[in-house]
Amino acid sequence: MHESKRGIMAFVLMLSAVVGCTGRVCAAEPSTGYVASAQPTNPTTDQPAGALHLTSFEEPPASDQANSTVTEKRASPFSISATYSLYSDYILRGINLSEYRGEGREKPNHQMTTSITTDVGLLFGEDAGSWGSFGFVTFFEWFAAQRKIDPVGGGQNLQEVDYSMSWSYPLTPISSTFTLGYTFLTFPNRTQANTHEWYVKLAHNDTWMWKWLWPDNDGPVLSPWVFLSHDVDSAAGGSWIETGVKHDFAVVENVTVSPAMTLAIDHRYLDRLLATGSRGSTRLAYLQYALSVGYNLSSALNWSDKYGTVVLSGFLNFNDALGNTDDDGTISDEFYGGISLGWSF
């Protein structure tokens, strides 16, 4: 394993050891969101992104107007976030785009995600979530050895820039959030590889499901979700499917440990994207095991809410290639990790 990768892994493992449960059962962190996530996932990659938050829009209890003497300030309809991440590798749906023969010491992989979201209901004076929310996300990926990977076209280290628009709506009767979106993937060094796709995602708040076992539990336990994207350009007709679960453990004050598992399914996507000449089929791609540790710096430093929230995270991922994607070498097992600093407001 390369020296820099060993350094990143050691740092994350050290964090995990410091905040671990030390042999006791950790209590679930209470959550009001349908997806309680310190490590959300970019819908086009296997990396945490820090920007695509699929949260519920819980209607606050109605106030007693007759007895109320205080008028509360209405919540802002807008929210913004930005996350910078440093990775040991960049994995795009199972494909490592930051490794080349004879690489030696690992080159840094930098990623930046920004987002702006508006709650349409609040924007027009209605209840939060009543009309859903619109979001716009940008994703930048920069790698220091582009000419090694792509000697012909690798003229700049900015390898990928993505733009994503989405609309999310809370399906309150089934405790879920539905998201419909469209993503443009661009590759500055290889513009002929630019593509775009539509996607849908359903995230479920399973708090209700476990009340019989833990009556006092007031947060999601597994937060199951399913994601489907369908390419309409470079991999036209190919689809990518993911489904997963995750749980947040509030182990000590301001620290959250989040194990997660994701199953990825390839429906003719990789064959068309890589132009293998095969008609392709539906097949298992990989099973990802992930662990993230988030530290809420804002809370720890007693920063005012008016400055937003800052979270420092470390994470490890292992992708276990499955079936014939592993047999034919399309996807390989990948063990990678990194750190990120995210701000939201």
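Structure first, text after, so check above.
What comes next concerns the included structure. (Residues numbered from 1 in each chain as written. Predicted model: local features only at pLDDT ≥ 70, side-chain atom pairs only at ≥ 80, totals over all residues. Heavy atoms only, no water.)

1. Examining the packing of aromatic side chains
Within this structure, the stated rule accounts for ten aromatic pairs. Ring centres of Phe124 and Trp131 lie 5.7 Å apart, and the angle between their planes is 40 degrees; this geometry places the pair in the tilted category. Of the residues examined, Trp131 reaches a relative accessible area of 43% and is grouped as partly exposed. When the centroid spacing of 6.1 Å and the interplanar angle of 10 degrees are considered together, the rings of Trp343 and Phe345 count as stacked. According to the relative accessible area criterion, Trp343 is partly exposed, its value standing at 30%. With a relative accessible area of 47%, Phe345 lands in the partly exposed category. What links up through ring pairs into an aromatic cluster is the set Trp240, Tyr269 and Tyr286. The ring of Tyr269 is capped by Arg93, whose NZ or CZ atom sits 5.1 Å from the centre of that ring. Cation over ring: Lys201 sits above Trp225, and NZ or CZ is 4.7 Å from the ring centre. (Phe/Tyr/Trp six-rings, centres within 6.5 Å; stacked < 30°, edge-to-face > 60°. Buried < 20%, exposed > 50% of the residue type's maximum accessible area, 1.4 Å probe, protein only. Lys NZ or Arg CZ within 6 Å of the ring centre and 35° of its normal.)

2. Focus: the pattern of salt bridges
Taken as a whole and judged by the stated rule, the model has five salt bridges. Close ionic contact of Lys246 with Asp248 constitutes a salt bridge, the shortest N to O distance being 2.6 Å. Residue Lys246 is classed as buried on the basis of its relative accessible area of 12%. For Asp271, the salt bridge identified is with Arg283, shortest N-O distance 3.9 Å. With Asp271 in helix α4 (residues 269-273) and Arg283 in strand β13 (residues 282-296), the pair connects residues that are twelve residues apart, well separated along the chain. Here Asp271 matches Arg283 in class, with each residue buried. Bridged by salt links that share partners, the residues Asp266, Asp271, Arg283 and Asp328 form one connected network. (Salt bridge = Lys/Arg side-chain N within 4 Å of Asp/Glu carboxyl O. Helix = DSSP H or I, 4+ residues; strand = E, 2+ residues; numbered from the N terminus.)

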